[in-house]
Amino acid sequence: MSDGITRNGLWDVDSADIDWEFSLDQGQTWTRGQGRTFEVKDDGAKMIWVRARDDAGNTSEIVRVRCVLDTLAPVALVITPQREGVTLRLQLSGLESGARWEYSLNGQAPWHVGSGPALGVLGQGIAQVWLRQVDVAGNPSVAQAMDLQSPSLLAHDISGHPLQPSVLASGLQTYVIQGVVLRGDADHVRWDVPQGQMLMSFKLVHYASDDFASYALQRSSVFDAGMDTTRMLAWGQMGLSDLNRNVLANTGPQRRGEGPMTLRFQQNGTLPTPYAIELTLAAAN
C-alpha cells in the first residue's frame, strides 16, 4: 500500500527471476531479497526502497513506497442499549477516526458493515448480536456481545396486524428487523424515511430454513395493498440463496425517498423460521 496505512507487513516483489534487494533506511543499508516477498516489522511510518541487481553489482532504478504499518487492534466499542418505543437502540462510542463498525448475528460470522451512530434492532428471535470496530489499517477490535434475549432489553414481538405495524424509531441509518415467522403469521413493520434521505438497501442477513419466505414493501403507513403488486414498492420471495442481496438494487432512487414504508414478511412453510432483515438509510444524492 503506497502512502497508506496497512496492518500487513508482507510485501510482494515482481522480480521476474532476477536478484533484488531492499532498504528501510533510505539506502544506507541494503538487504538481499529471497524469493518474491519480504516482511517489514514494527509499527510506524516506513520508507521502503527496492531495486534489482545483477551478479556484477549493477543496480536498477529504485522503486520507493511509503506506508504506515499498524498492527495494533483498536479498543473495544462501548455499547449503550437504549429503548426508543419498541426499537432497541445500541448506541456506539469509542470509534476511532476513520474506523468502521460491524455487527454479526451468527456467531461472529459473517460480519456486516454498519453506518451511523447506532444499530437499531426490532423484534425477537435472534439470541445475540456482536459488535466490533475495524480501524483504517484493517485491525478488528475485540467483539462485544449483546444478549438480545435479556429480560432487561424488553424484546418486542413484531405486529401481525397489517393495519397496526410495529414502528421503527427514527434517526438511525442501520436497522435489523428480526423475528420468527411461519405460514399464516406475517410480520408487519413500518418506518419513515426522513426528508433528504433514502432507503439504500433491504437485505435478508439471517434465515434458518430451506423454504422460501415472501416479502412486500409498500410506500404507506399501513400495509393495505393485499395482493395488488401495482401498489407495492418491491415484492417477491427470499431464501438462503438471497442472503445479503439488496432487493432494491434496481429500484429507482426517487421511489425510495422521503415518506413512510411498510414491510410484510411471511414464511411460506409450516415450520417456525428465525430471520433477520437489514435496512440502511443514507443521504439522498
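Residues numbered from 1 in each chain as written. Predicted model: local features only at pLDDT ≥ 70, side-chain atom pairs only at ≥ 80, totals over all residues. Heavy atoms only, no water.

Hey, could you go over the overall build of the chain for me, with residue numbers and the actual values?
Assigned secondary structure in the chain consists of zero helices and 22 strands. In terms of overall dimensions, the chain is more spread out than a globule: its C-alpha atoms have a radius of gyration of 25 Å, far above the 19 Å expected for 285 residues. Referenced to the eigenvectors of the C-alpha coordinate spread, the extents of the chain come out at roughly 85 × 40 × 40 Å. Taking all 285 residues of the chain together, the buried fraction comes to 44%. Contacts in the chain between residues at least 24 apart in sequence constitute 68% of all its contacts with a sequence separation of at least 6. Surface accessibility of the chain: about 14,300 Å² in total, with carbon and sulfur atoms responsible for 48%. Taking the average location of the 22 positive side-chain charges in the chain and that of its 30 negative ones, the two points are 4 Å from each other. (Helix = DSSP H or I, 4+ residues; strand = E, 2+ residues; numbered from the N terminus. Rg over C-alpha atoms; globule rule 2.2 N^0.38 Å. Buried < 20%, exposed > 50% of the residue type's maximum accessible area, 1.4 Å probe, protein only. Contact = heavy atoms within 4.5 Å. Areas by Shrake-Rupley, 256 points an atom, 1.4 Å probe, with all protein chains shown as cover. Lys, Arg positive; Asp, Glu negative; His and termini not counted. Charge placed at Lys NZ, Arg CZ, Asp CG, Glu CD.)

Break down the sheet that holds strand β9 (residues 87–93) for me, with residues and values.
Judged by pairing direction, the sheet is mixed, and its six strands sit side by side in the order β8-β9-β12-β16-β22-β18 without closing on themselves. Since the sheet does not close on itself, it has two edges, and those belong to β8 (78–84) and β18 (197–207), each with one partner. When strand polarity is set aside, the average angle formed by the axes of neighbouring strands in this sheet is 20 degrees. Strand direction decides the pairing type here: strand β12 (residues 118–123) and strand β16 (residues 174–181), joined by five bridges, are parallel. Residue pairing for β16: Leu-122 is matched across the bridge by Ile-177. (Pairing = 2+ DSSP bridges. Axes fitted to C-alpha atoms, helices over the stretch in contact; angles between N-to-C directions.)

Any chance you could break down the sheet that holds strand β13 (residues 128–134) for me, citing the residues and the numbers?
Within the open sheet, the four strands sit side by side as β11-β10-β13-β14. Their pairing is antiparallel. The sheet terminates laterally at β11 (112–114) and β14 (144–147), the two strands that pair on one side only. Direction aside, the axes of adjacent strands within the sheet are offset by 30 degrees on average. Pairing between strand β10 (residues 100–104) and β13: five bridges, direction antiparallel. When the sheet's bridge partners are listed, Arg-100 is paired in β13 with Val-134.

Summarise the side chain of Thr-251; cite the residues concerned and give the values.
Note on placement: Thr-251 falls in the loop between β20 (234–238) and β21 (259–267). Since its relative accessible area comes to 12%, Thr-251 is described here as buried. When sequence neighbours within four positions are dropped, the list of residues in contact with Thr-251 reads Leu-233 and Arg-256.

How would you explain the pairing of β13 if you had to name every residue and give the values?
Counting buried residues along β13, six of its seven residues qualify, which places the element largely inside the surrounding structure. Across four bridges, the pairing between β13 and β14 is antiparallel. Paired with Val-129 across the bridge in β14 is Met-146.

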